[in-house]
2 protein chains.
Amino acid sequence: MVVETVVAEQKKSGVEEQLKRVQDEFIRRWGEMGQTWGINRTMAEIHALCYITAAPQCTDDVMERLNISRGNASMSLRALCDWGIIRRYHKRGERREYFESLSDVWEMFSIIAAERKRREMDPVLETIKKCQAMLDENNLGAAAKSEAVLATRRRLEGMEEFMSVTNKIFAAFISNTRAGLNKVVKVLLKAL
Amino acid sequence: MVVETVVAEQKKSGVEEQLKRVQDEFIRRWGEMGQTWGINRTMAEIHALCYITAAPQCTDDVMERLNISRGNASMSLRALCDWGIIRRYHKRGERREYFESLSDVWEMFSIIAAERKRREMDPVLETIKKCQAMLDENNLGAAAKSEAVLATRRRLEGMEEFMSVTNKIFAAFISNTRAGLNKVVKVLLKAL
DNA sequence: CCTATATTTCAGTAAGTTCTGAAACATAGG
DNA sequence: CCTATGTTTCAGAACTTACTGAAATATAGG
């Protein structure tokens, strides 16, 4: 009886350890990826932790698991909430706040894509348009036909075409639900 | 006659100034965008300069135009060549080296996408697969059915599905020519 | 109102990155 | 072989970003 309990506990602990190793592996890789996409390592790691554990984590959980200070945890959690890819979660009767990740990866991607489109792609398109206006015949008169001006115009057009197509693709992803996205992806993969 | 020449020169100089303003605008914006996508500002600016001028630039051109040191210019130009989005260009009878940007934006994007897929997305997929293996029934026995393990598996699967679809889309873009890409994009945009 | 607990803020510091400038290197042409 | 011209490298400086730890703030519950 006693022996059985011990064995069961060992088994359980073995599984938990393995689970922890799996989580650590995932968290590390996610953090590394975040960095190269312009999200800082710690924020990416916190998000990975919330996502992979599939359970609300409190500030102390995050601090202990990732070995970071309270200040850092607090600020990074807030930033992730601002992005909208984790949410505050209140446990009844508990004082402290918990945080949980969205569970749908497609939804997270949509949120991130929307924000990056707005902050980084839209301004580029705007700049291209502005540059084109600056080279308009109205502004430049006959000189608008000079080879240098024409060459610049061609370059601006090449970039504009690319950016506006990319922008449309992003916009489509953003405005679609999971189901819609699946359809899109299916169509796309068949066409390729 | 003399007067006419002067007027012509003034006009020309006006156009050149305007062209320079356009280029500066484009370069600035491109540099800003690069930063948030994990490419440093200077490298992005050098690339923008080569692209928008549509003419081979030498090291001194780059240094003067962007106000950077010779060392920085040299190293950044090399890095851009390594990426493959600008190329060395030898002018007959000239000692110094020039650099020109690829002219096709879609081709540049393909090159960048290929590299980022290889360096950042493939490792994540690999890690997910590894994590899944670590939670296999073979490794964990009966405990593989515990709720915690099942929840983790579901999260890994969600991420795997997303990453492998994204990966396929990237792969398709990478392996296609300009014409192929256009077709893909058309199909996609119609489906949305 | 007070205490215990939880959270946020922020000045200072650590870590990381980008850049400069000068020296070393490379080479074409005399 | 020497000089003139151009390129690369790299140690250290300048700058930027991320993090800590402690103090300030907030608030539930007695």
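Just above sits the structure.
Residues numbered from 1 in each chain as written. Chains lettered and ligands numbered in written order. Predicted model: local features only at pLDDT ≥ 70, side-chain atom pairs only at ≥ 80, totals over all residues.

Draft legend 1. Region of the structure containing the overall build of chain A. In terms of helices and strands, chain A carries 8 helices and 3 strands. When its helices and strands are written in sequence order, chain A yields α-α-β-α-α-β-β-α-α-α-α. Relative to a compact globule of 192 residues, whose C-alpha radius of gyration would be 16 Å, chain A shows 25 Å and is clearly more extended. Burial statistics for chain A: of 192 residues in total, 23% are counted as buried. Considering only residue pairs separated by 6 or more positions, chain A has 50% of its internal contacts joining residues 24 or more positions apart. (Helix = DSSP H or I, 4+ residues; strand = E, 2+ residues; numbered from the N terminus. Rg over C-alpha atoms; globule rule 2.2 N^0.38 Å. Buried ≥ 20, exposed ≤ 12 C-beta atoms within 10 Å, placed from the backbone. Contact = placed C-beta atoms within 7 Å.)

Draft legend 2. Looking closely at the pairing of strand β3 (residues 97-101) of chain B. Residue and element names in this part refer to chain B. Of the strand pairs in this sheet, strand β1 (residues 57-58) and β3 are connected by 2 bridges, and their pairing is antiparallel. The residue of β3 that forms the bridge with Gln 57 is Phe 99. Relative to β3, strand β2 (residues 86-90) runs antiparallel, the two sharing 5 bridges. Bridge pairing in β3 links Arg 87 to Glu 100. (Pairing = 2+ DSSP bridges.)

Draft legend 3. Just the protein's contact with DNA strand C, in detail. DNA strand C sits among 17 residues. The nearest are A:Gly71, A:Arg96, A:Glu97, B:Ser69 and B:Gly71. Elements that contribute at least two residues to the surface near DNA strand C include exactly α4 (70-83) of chain A together with α2 (41-53) and α4 (70-83) of chain B. No other element matches α4(A), which puts 5 residues into the surface near DNA strand C. Per-class residue counts for the surface near DNA strand C are 2 nonpolar, 8 polar and 7 charged. (Near = placed C-beta within 6 Å. Nonpolar A, V, L, I, M, F, W, Y, C, P; charged D, E, K, R; others polar.)

Draft legend 4. Inspection of the protein's contact with DNA strand D at higher detail. Neighbouring DNA strand D are 18 residues; A:Asn40, A:Ser69, A:Gly71, A:Asn72 and B:Gly71 lie closest to it. Of all the elements in the fold, those that place two or more residues in the surface near DNA strand D are α2 (41-53) and α4 of chain A together with α4 of chain B. When residues of the surface near DNA strand D are assigned to their parent elements, the largest contribution, 5 residues, is made by α4(B). When the residues that make up the surface near DNA strand D are grouped by side-chain class, the tally is 2 nonpolar, 8 polar and 8 charged.

Draft legend 5. Structural view of the interface of chain B and chain A. Between chain B and chain A, the contact holds 49 residues from the first and 49 residues from the second. For the side of chain B that touches chain A, the secondary structure elements donating two or more residues are α1 (2-36), α2, α5 (105-134), α7 (147-175) and α8 (178-191) of chain B. In terms of residue count, α7(B) provides more of the side of chain B that touches chain A than any other element does, 12 residues in total. When its residues are assigned to classes, the side of chain B that touches chain A shows 34 nonpolar, 7 polar and 8 charged.

Draft legend 6. Region of interest: the environment of A:Glu25. Mapped onto the fold, A:Glu25 is located in helix α1 (residues 2-36). In this structure, A:Glu25 is in contact with B:Thr127, B:Lys130 and B:Cys131, ignoring residues within four places of it in sequence.

Draft legend 7. Expanded view of α4(A). Residue and element names in this part refer to chain A. If you check α4, its first and last C-alpha atoms are 20 Å apart, about what 14 residues at 1.5 Å a residue would give, namely 20 Å. Taken together, the buried positions of α4 are occupied by Ala 73, Ser 76, Leu 77 and Leu 80. Summarising the axial view, the buried residues of α4 lie within an arc of 105 degrees, below the 170-degree limit, and thus occupy one face. Across α4 from its buried face, at more than 90 degrees, point the exposed residues Gly 71 and Asp 82. Where α4 is buried, its residues contact α2, α3 (59-66), β2 (86-90) and β3 (97-101). (Expected span 1.5 Å × (residues − 1). Arc of directions from axis to C-beta.)

Draft legend 8. Just the relation of the copies chain B and chain A, in detail. Aligned on chain A, chain B shows an RMSD of 0.1 Å; the corresponding rotation is 180 degrees and the shift along the axis is 0.0 Å. The symmetry that links the two subunits is that of a two-fold axis. Comparing interface residues between copies, 100% of those in chain B also lie at the interface in chain A; the contact surface is shared. (Least-squares fit on C-alpha atoms with pLDDT ≥ 70 in both.)

Draft legend 9. A look at α7(B). Compared with the 42 Å implied by 1.5 Å per residue over 29 residues, the 42 Å span of α7(B) between its first and last C-alpha is a close match. When α7(B) is considered as a whole, its buried residues turn out to be B:Thr152, B:Arg155, B:Leu156 and B:Met159.

Draft legend 10. Structural detail: the packing of α2(B) against α4(B). Residues and elements named next belong to chain B. In the contact formed by α2 and α4, the axes pass within 10 Å of each other and the chain directions differ by 75 degrees. The angle between the axes of α2 and α4 places the two elements in the roughly perpendicular class. In this structure, α2 uses Thr 42, Met 43, Ile 46 and His 47 to contact α4, whose residues at the interface are Asn 72, Ser 76, Leu 77, Ala 79 and Leu 80. Here the contact of α2 with α4 is composed, by residue class, of 5 nonpolar, 4 polar and no charged. (Axes fitted to C-alpha atoms, helices over the stretch in contact; angles between N-to-C directions. Parallel < 35°, antiparallel > 145°, perpendicular 65-115°, else oblique.)

Function cannot be read off these values alone, since they describe shape.
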